[in-house]
Amino acid sequence: MAEYIVNVRDKRSRISPEIYGHFSEHLGRCIYEGLFVGEDSPIPNVNGMRSDVVEALKKMRISVLRWPGGCFADEYHWKDGVGPREKRKKMINTHWGGVLEDNSFGTHEFLELCRQLGCEPYINGNVGSGTVQEMSEWMEYMTFDGVSPMADLRKQNGHAEPWKVKYFAVGNENWGCGGNMRPEYYADEYLRYQTFVRNYGDNRVFRVACGPSGDDWEWTRVLMERAGKYMDGLSLHYYTVPNDWDKKGPATGFDKGEWYKVLKKGLYMEQLLSRHGAIMDSFDPEKRVALVVDEWGAWYDVEPGTNPGFLYQQNSMRDAALAAMTLNLFNKHSDRVRMANIAQLVNVLQSVILTDGADMLLTPTYHVFEMYKEHQGATLLSSRMDCGQAGSGENAVPQLSESASIGQDGALHLTVANLSADDAAEVNAALLGFAAKQAEARMLCAPFNAFNSFEDKEAVKPCAFTGFRLDGESLSFTLPPCGIAAFTLRP
Ligand code: AHR
């Protein structure tokens, strides 16, 4: 029996909605086909954005979307993607699959997509192969309301009003595909580039510096020491790769050993958040600078027969469990983690949506984001789960993952995931300071390796969960193996 304590009297940090953020790169079928099909497509669309995908993402309450990369960002020259489409430069996407990039999706299209989705845009600028002037002019183009060469160009291109663009990253993975820089060198570059990413009118830019890959503590230390005062966020990238990078393992058809291996590797996120957070604390004890985990998720071998450069992978209950556990961790670290972007939105890596021409499906990961959406903007509560382990040996993990928050309307939200592929979990929860009168719950529950395919799109979907007992301040329930539950309780 697991003992779960939620102390409603002990309110912690606000859970930034941007923790439930996403990432869309010019990679494979993410932008083209997955999001943008063009106005003339037989696939129903509004201004070129496919309506089925937009509607599903709105229902999931997508909060922020990062674009145009990734590694693509440090090769992207934004002026190639504005103006009449037929005149835009055509080029080869050398980084991802060697396919034609016709630049038909550019700044106007991305900001139109964000408008339709009702989410914040998060733009990633080019440090690796771009200039300070180019980056500076991009912000001027998007946000300046007045007479200037870039504002005039925007008007000429059909958008009189400036957009609001809050989140802007100065480079991506500049320790790797963004220029193979040393942290000292990048810190100087960051300071120079960010100076010219200006605030126009009342648009206030939240500047994100390129942060470490995984456990590169030194990168974080150098960046915070040299440039911490000039940034609002520092990024962190961490992917869960079950085996070696050249033989990662399949997204489906795995055994229970591989289930636990992925969860154990995913749980490393906890150490990354704690240790990078501690380094940041030593320079920024007020936690002004956010940790922005703008790439995370599972990375498997591509689906057989697909372009290796497209990073297309299926998505199973194992990915749902990884997402559930990771989002609980982000909630618990929301005093420092104020944005996170799972990679990537559609058809690439751990996606929430897969498409096949005009067809689309929601993945198990989608359902987790949708079920967890009530945490967005709510206040984290102090909570603790005393439970046993699941799995064995070096891949053992705590059987249960949880987080708790209270919304502005006074509703209590609990999300609990049973990480065991073998055993049910009996849970006794004490809700200190909260006498619940009403409760409702939903659960995602399917065999550990189940997934949604185009032949069976609803093999994994949430259902109402009624198997709980509520008695004032106490709640008890049994979660089946792999079960992921979201409770809403009202006084
Ligand atoms: O998400 C795929 C790639 O992974 C991104 O382009 C890059 O930033 C990271 O290495």
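Before reading further, recall that the structure is shown in the block above.
In short, a report on the structure. Keep in mind that this is a model prediction, so the values were computed, not measured.

**As for the pairing of strand 19 (residues 400–406)**
Side chains on a regular strand alternate between the two faces of the sheet. Judged by how many residues are buried, strand 19 sits mostly within the fold: seven of seven residues are covered. The sheet contact formed by strand 16 (residues 379–386) and strand 19 spans two bridges and is antiparallel. Paired with Leu 380 across the strands is Ser 405, a residue of strand 19. As consecutive antiparallel partners, strand 19 and strand 20 (residues 412–418) are separated by five residues, and within that stretch Gly 410 has a phi angle of approximately 85 degrees, a positive value.

**Digging into the state of the cysteines**
Enumeration according to the criterion identifies one disulfide in this entry. Counting only cysteine sulfurs, Cys 177 is the nearest neighbor of Cys 210, a cysteine outside any disulfide, at a range of 8.8 Å.

**Quick word on the layout of surface pockets**
Sizing a probe to match a water molecule and rolling it over the atoms shows the empty space that remains. The space that makes up the largest pocket amounts to roughly 370 Å³. Along the wall of the largest pocket there are 22 residues; nearest its centre are Glu 173, Tyr 239, Val 241, Trp 245 and Trp 299. For the lining of the largest pocket, a count of residues per class yields 11 nonpolar, seven polar and four charged. Taken as a whole, the second largest pocket encloses approximately 280 Å³ of empty space. The wall of the second largest pocket is formed by Leu 267, Glu 270, Met 325, Asn 328, Leu 329, Lys 332, His 333, Pro 398, Leu 400, Ser 401, Glu 402 and Leu 419. Secondary-structure elements contributing two or more residues to the lining of the second largest pocket are helix 7 (256–283), helix 8 (317–332) and strand 19. The element best represented in the lining of the second largest pocket is helix 8, accounting for four residues. Per-class residue counts for the lining of the second largest pocket are six nonpolar, three polar and three charged.

**Topic: the site of the ligand**
In the vicinity of the ligand, the contacting residues are Phe 23, Glu 25, Gly 70, Cys 71, Trp 96, Asn 172, Glu 173, Tyr 239, Glu 295, Trp 299, Gln 344 and Leu 349. Interatomic distance of 2.7 Å between a side-chain N/O atom of Glu 25 and an oxygen atom of the ligand. Here an oxygen atom of the ligand and a side-chain polar atom of Glu 295 are 2.7 Å apart. Within the complex, 93% of the 280 Å² of free accessible area of the ligand lies under protein. Of all the cavities here, the one that holds the ligand is the largest pocket.

**Section: the sheet that holds strand 10 (residues 206–209)**
Strand order in the closed barrel made by the eight strands is 2-5-8-9-10-11-12-13, with parallel pairing throughout. Geometrically, the sheet is characterised by an average inter-axis angle of 25 degrees between neighbouring strands, direction not taken into account. Two strands pair when backbone bridges link them, and strand 12 (residues 290–298) and strand 13 (residues 337–343) are joined in this way by four bridges, in the parallel orientation. Residue pairing in the sheet places Val 292 in a bridge with Met 339 of strand 13. Most of the contacts of helix 7 go to strand 11 (residues 233–240), to which it runs at about 160 degrees, and overall it touches strand 11, strand 12 and strand 13.

**Thoughts on empty space enclosed by the protein**
The final tally for this structure, using the stated rule, is three cavities of 30 Å³ or more. Size it by volume and the largest cavity reaches roughly 60 Å³. Lining the largest cavity are 16 residues, with Glu 173, Cys 210, Ser 235, His 237 and Asp 294 sitting closest to its centre. Going through the elements one at a time, strand 8 (120–125), strand 10 and strand 11 are the ones with two or more residues in the lining of the largest cavity. Among the residues forming the lining of the largest cavity, the class breakdown is seven nonpolar, six polar and three charged. In this structure, the second largest cavity spans a volume of roughly 40 Å³. Of all the elements, helix 3 (residues 132–143) adds the most residues to the lining of the second largest cavity, at three residues. Across the lining of the second largest cavity, the residue classes tally to four nonpolar, four polar and one charged.

**Here's the deal with the sheet that holds strand 16**
Think of a sheet as strands paired side by side through backbone hydrogen bonds, with each pair either parallel or antiparallel. Reading across the sheet, the 10 strands line up as 23-22-26-20-19-16-1-21-25-24 and stay open at both edges, with mixed pairing between neighbours. One side of each edge strand has no neighbouring strand; the edge strands of this open sheet are strand 23 (462–464) and strand 24 (468–471). Taking the axes of each pair of neighbouring strands and ignoring which way they run, one obtains an average angle of 20 degrees across the sheet. In this structure, strand 20 lies alongside strand 26 (residues 484–490), joined through six bridges in antiparallel fashion. Residue Thr 415 lies in a different strand from strand 26, and its bridge partner there is Ala 486.

**Description of the packing of helix 5 (residues 183–195) against helix 6 (residues 217–227)**
At their nearest, the axes of helix 5 and helix 6 sit 9 Å apart, and the two run at 35 degrees to each other. Where helix 5 crosses over helix 6, the handedness of that crossing is right-handed. Packed against helix 5, whose contacting residues are Pro 183, Glu 184, Tyr 186, Ala 187, Tyr 190 and Leu 191, the element helix 6 presents Trp 219, Val 222, Leu 223, Arg 226 and Ala 227 at the interface.

**Concerning unusual backbone geometry**
Note the cis peptide between Trp 67 and Pro 68, where omega equals 5 degrees. With respect to the helices, strands and loops of the structure, Pro 68 is situated in the loop between strand 5 (64–67) and strand 6 (91–93). Omega for the bond connecting Gly 69 with Gly 70 falls within 30 degrees of zero, at 15 degrees, which places this linkage in the cis form. Inspection of the secondary structure puts Gly 70 in the loop between strand 5 and strand 6. Here the phi dihedral of Asn 347 falls at roughly 65 degrees; this positive angle occurs in a residue that is not glycine. Looking at the element boundaries, Asn 347 is found in the loop between strand 13 and strand 14 (353–356).

**Looking at the pattern of salt bridges**
Using the criterion set out here, one finds 32 salt bridges in the structure. Between Arg 182 and Glu 184 there is a salt bridge whose closest N-O contact spans 3.5 Å. For Glu 184, a relative accessible area of 23% puts it in the partly exposed group. Asp 386 serves as the salt-bridge partner of Arg 384, at 3.1 Å between the closest nitrogen and oxygen. By relative accessible area, Asp 386 is classed as partly exposed at 39%. One network of salt bridges, with partners in common, ties together Asp 281, Asp 284, Lys 287, Asp 335 and Arg 336.

Cut-offs applied
Residues numbered from 1 in each chain as written. Predicted model: local features only at pLDDT ≥ 70, side-chain atom pairs only at ≥ 80, totals over all residues. Heavy atoms only, no water. Buried < 20%, exposed > 50% of the residue type's maximum accessible area, 1.4 Å probe, protein only. Helix = DSSP H or I, 4+ residues; strand = E, 2+ residues; numbered from the N terminus. Pairing = 2+ DSSP bridges. Disulfide = S-S within 2.5 Å. 1 Å grid on protein atoms, 1.4 Å probe; cavity = no way out; pocket = protein on both sides within 12 Å on 5 of 7 lines; lining within 4 Å. Points joined across faces, edges and corners; volume = space filled by probe spheres on them. Nonpolar A, V, L, I, M, F, W, Y, C, P; charged D, E, K, R; others polar. Near = heavy atom within 4 Å. Polar contact = N/O pair within 3.5 Å; in protein donor to acceptor, adjacent residues only side chain to side chain. Areas by Shrake-Rupley, 256 points an atom, 1.4 Å probe, with all protein chains shown as cover. Sits in = over half its atoms within 2 Å of the grid points. Axes fitted to C-alpha atoms, helices over the stretch in contact; angles between N-to-C directions. Contact = heavy atoms within 4.5 Å. Left-handed = near helix turned anticlockwise from the far one by under 90°. Salt bridge = Lys/Arg side-chain N within 4 Å of Asp/Glu carboxyl O.

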